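# Architecture and fold: a report
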Amino acid sequence: MMKTPISSVCSLFLFFLFCTSDSTLAMYPVNYSVSVVLNFDTGFGKMGLSCIDMALSDWYASHPNYNTRLLLHQRNSPSDVVLSAAAALDLIKNVEVQAIIGPASSMQANFMINLGGKAHVPIISFSATSPSLTSIRSPYFFRAAQNDSSQVKAISDIIQAFGWRQVVPMYVDNEFGEGVIPYLSDALQEIDVRIPYRSVISPTATDDQIEAELYKLVTMQTRVFIVHMLPSLGSRIFEKAKEIGMMDKGYVWIVTNGISNVFGSFNSSFVTENMQGVLGLKTHVPDKKKLEAFRVRWKKKFQQDNPTAINVNLDVFGLWAYDAAKALAIAVEKVGSTKTFTYQKMNVSGSSNDLERFGVSLIGPQLVQELLGTSFRGLSGDFSLVNGQLPSSTFEIVNVIGTGENVVGFWTPENGLVRNLHSTKSISRSSASNASLGSIIWPGDTSSAPKGWQIPSNGKKLKILVPLKDGYNEFVNVTYDTSTNKTKVIGGYCLEVFEAVRKALPYDISYEFYAYAKPDGETAGSYNDLVNQVFLGNYDAAVGDITIRANRSLYVDFTLPYTESGVSMIVPIEDSKSKNAWVFLEPLTWDLWLTTGCFFIFIGFVVWVLEHRINEDFRGPISYQVGTSFWFAFSTMVFSHRERVVSNLARFVVVIWCVVVLILTQSYTASLTSMLTVQQLQPTVSDVNFLLKNGDNVGYQEGSFVYGILRQLGFRDEKLQTYNSTEDLHRLFQIGSTNGGISAAFDETPYFKVFIASYCSKYTMLDPTFKADGFAFVFPKDSPLARDVSRAILNVNEGGQAKKIEDRWFNRHSSCPDPNSKVSSNSLSLESFWGLFLIAGVASVLALLIFAGTFLYEHKDMLICSDSEDSSWKKLCDILKQYDLKDQKSHTFRREGQSQIGAESLSVEQSPQSTPCTDHGQSPRETEPQQFGEIEPAIELAQGPRGNQ
């Protein structure tokens, strides 16, 4: 009976003890030792520590049931790398911290990451952004910030949107500055943007050194600068740039988020005076309301903790510090309070090196996994550590105006540049344009986007090289003055085109021409040598009759061509006017002659069929009828036919045929007249293979690349002759190939235009035989001036100014006829007249069908009432016999007394007792044999002589 109360009391005691243990654990959570390694002597370090303290305080206040707490160990770490490494070593060896938040800079983080990897202690930095830290590949390094390489694509999209072709990066000479340059170079190379120079500034540079570097940039053409450095050095750069005039109109300054994210720390008066018009990339914080509420709380706490600190503002680095501390607290709680927080000592006997004697954290690997799996919505946005760092997110494009900054657009990894984040319109990455951004105020207080380059404003003129040649002065006229022993550039077609292009540019450039000549007035080298002078940087450009060639384009940039392209062949022409006895047959081709003859015969037959029964002119013996038909048809060719046409169907056919004949005769007359009177000029040679087969000599301009083309075609050196001018070329043609001259010449089309203008009636230029790219202006590789000059060339060509200049230089002989008029007349073919023959044929066939239908309808009784035993051939013969008879009902046979004679005639032809269905086989008249076409005697007597009609 007493056992039951005792058991109950024991159970209650055990339950009370268990509850007491849980409450004790909740009341006394386990502390995790973590350290904060920052420079607390700076406003940045104080801001970071303040945000970390607030993060832990806010998190544990909202989660009082957590069994773990982070115990912060602070270590002041100046900017010195060695001191920060010593602080981290002390924390790992003596304090045995489980994680380190910090350090502030990428330089300090490099060695500290290696320490963390060796001790299995996570290193969590919210401000070490250099991409080079990723190359260490330590699983114990976490970047609770955005990698600097995440913004290079945004920078390249901005460069592409404004069409800038060259940029100069300015960066600090340390790990922070150098880390992003390889990524930036790759991004710019993808959009074909060149980096002509890299401006590297030492972090300890003096004002004089900074000023000297900026003056070096002033002497260059590029005016787009990308600044990647810490605010302390960046502010000095902009202050000196303002002093020497590099913040004026025409300059472009783009700063990375290393400066843009801390714009608030700059003095407002400094920004107003030195940074107006600067573009920057700033990390976008999506939850503005939550941020402002936290900013108020942070400001109050920071002033309480740091009453002497001034000009310290909360920025995105503080938000990242807050989120990093929160993520660490969550990960530690996931690890749990039952784990062993001690280090495992390494058994290294006989070593006095501190780096070898410190232990390894036992929870390090699990803590790493928990950190990688932690994600939440933080103050800076979505927080998650992908591959140990924050993923790329949205950037704001800010423009410094007045004392603050204006957001002119955004950049997102998905859509690139956009004006509004809430826009549903997707923008193609390849079609980025400045229309995706809002209004921007550039340096110099201008809203017009700079072109990104300009000729240095130190009074230097462009040195432009001009070729020297013996002939073809129409292109480039360079003379040697013996009195002064100097070579002077006079002018020419190429130089006039360049001047027109210069005027078409949206800005002015000053230049000076230099002849590519030796002191004695001789040419200094070939055209390849001339182009090489631009490549070597001895001259800024080259202007003249310089052809675009693939081998030259490897070293220099060509503009768009300003002349026609192609290598043509020019040959003498001769009069090929026909003088043989059969020239009258040449105006028409054989198929047209044959078709015309067949239609004459066909039309004669059609008219005979339609007129035979009613027209005496088409009756009589067979030979007479055939001759009359042919005579009538062919006489229409000269409209001399004397036979009357009485049938309306025949008249219809004849009228249409006369129209056809009229057109044919007029065309024939015009073509024959042209052959006999107009000068017919034909080239003496029209095929390159003909020249090779006959072994003729050919010519080319001395020093031209055409020589290589001719050698490839198979011409031997002994068959090639050179010339230097139009006079030399004409002389070689006059000599002839058999006497050491040439039969044809090969050269570029512009040169032959000059030659044809001088000798317009003796030579002709055939279509371009080989492809060439024409004449162009030469500039150094990746010169921004080449692009603008190419655009100006298009404007000059489209405006018609180029054609006027060409006519002024190449068409000076107004007496020369148009070469296009010297084309041989071709014979007229059936293709030009088949429509006329189709009309005449259809009309004739239609007339025959109408006549046949009418005739058969009138004599249908002969087919219906004939003996069924008669063969089809017998019926056909009866029909033809009936057709051969005169149609007495026609008005052409009605005369006085015609009715009586007609009745007698009818009695002869047809039995009086016959009926419509009388057997025609028993008719006395029709049983007598008749020859087709024989005229009845009775009818002949009735009609009398033909002259009495």
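For the structure, see preceding data.
To start, this report covers the structure provided alongside it. (Residues numbered from 1 in each chain as written. Predicted model: local features only at pLDDT ≥ 70, side-chain atom pairs only at ≥ 80, totals over all residues. Heavy atoms only, no water.)

### Observations regarding a nonpolar patch on the surface
Among the surface-exposed residues, I601, I622, V626, F630 and F634 lie close enough to one another that they form a single nonpolar patch of about 430 Å² accessible area. In terms of residue count, helix α20 (residues 622-635) provides more of the nonpolar patch than any other element does, four residues in total. Its location among the elements puts F630 in helix α20. Judged by its relative accessible area of 37%, F630 is partly exposed. (Patch = residues over 30% accessible without salt bridge, like charges linked within 9 Å, V, L, I, M, F, W, Y side chains within 5 Å. Areas by Shrake-Rupley, 256 points an atom, 1.4 Å probe, with all protein chains shown as cover. Salt bridge = Lys/Arg side-chain N within 4 Å of Asp/Glu carboxyl O. Helix = DSSP H or I, 4+ residues; strand = E, 2+ residues; numbered from the N terminus. Buried < 20%, exposed > 50% of the residue type's maximum accessible area, 1.4 Å probe, protein only.)

### Considering the packing of helix α16 (residues 493-504) against helix α27 (residues 801-810)
Orientation of α16 relative to α27, taken along the N-to-C sense of each, is 160°, at an axis distance of 10 Å. Relative to α27, the element α16 is oriented roughly antiparallel. Of the two possible hands of crossing, α16 and α27 adopt the one that is right-handed. Residues Y493, E496, V497 and A500 of α16 lie in contact with α27, whose contacting residues are Q801, I805, E806, R808, W809 and F810. (Axes fitted to C-alpha atoms, helices over the stretch in contact; angles between N-to-C directions. Parallel < 35°, antiparallel > 145°, perpendicular 65-115°, else oblique. Left-handed = near helix turned anticlockwise from the far one by under 90°. Contact = heavy atoms within 4.5 Å.)

### A word on empty space enclosed by the protein
It is the rolling of a water-molecule-sized probe over the atoms that shows where space remains empty. Considering all chains together, one arrives at three cavities of 30 Å³ or more under this definition. Considering only enclosed or pocket space, the largest cavity measures out at about 60 Å³ in volume. As for the largest cavity, its lining consists of 14 residues, of which V180, L184, I226, H228 and T256 are closest to the centre. Those elements giving two or more residues to the lining of the largest cavity turn out to be α5 (152-162), β6 (168-172), α7 (181-190) and β8 (224-228). Among the residues forming the lining of the largest cavity, the class breakdown is ten nonpolar, three polar and one charged. (1 Å grid on protein atoms, 1.4 Å probe; cavity = no way out; pocket = protein on both sides within 12 Å on 5 of 7 lines; lining within 4 Å. Points joined across faces, edges and corners; volume = space filled by probe spheres on them. Nonpolar A, V, L, I, M, F, W, Y, C, P; charged D, E, K, R; others polar.)

### A few points about the side chain of T547
In this structure, T547 sits in the loop between β23 (541-542) and α18 (550-553). Residue classification places T547 among the buried residues on the basis of a relative accessible area of 4%. With residues up to four places along the chain from it excluded, the contact list for T547 reads R552, F558, F705, E748, G774 and F775.

### A closer look at the nonpolar core
With 56 residues, the main nonpolar core has L70, F126, F294, W298, L314, L328 and L367 as its most contacted residues. Every element with two or more residues in this core is listed here: β1 (30-38), α2 (43-62), β3 (99-101), β5 (141-146), α12 (288-305), α13 (316-335) and α15 (364-372). Element by element, the count of residues in this core is highest for α13, at 15 residues. If near-sequence neighbours (up to four positions away) are discounted, L314 is found in contact with M47, C51, L291, F294, R295, W298 and L319. Formed by 52 residues, the second largest nonpolar core is a distinct cluster that contains F498, L729, V754 and Y759. (Core = buried A, V, L, I, M, F, W, Y, C linked by side-chain atoms within 4.5 Å.)

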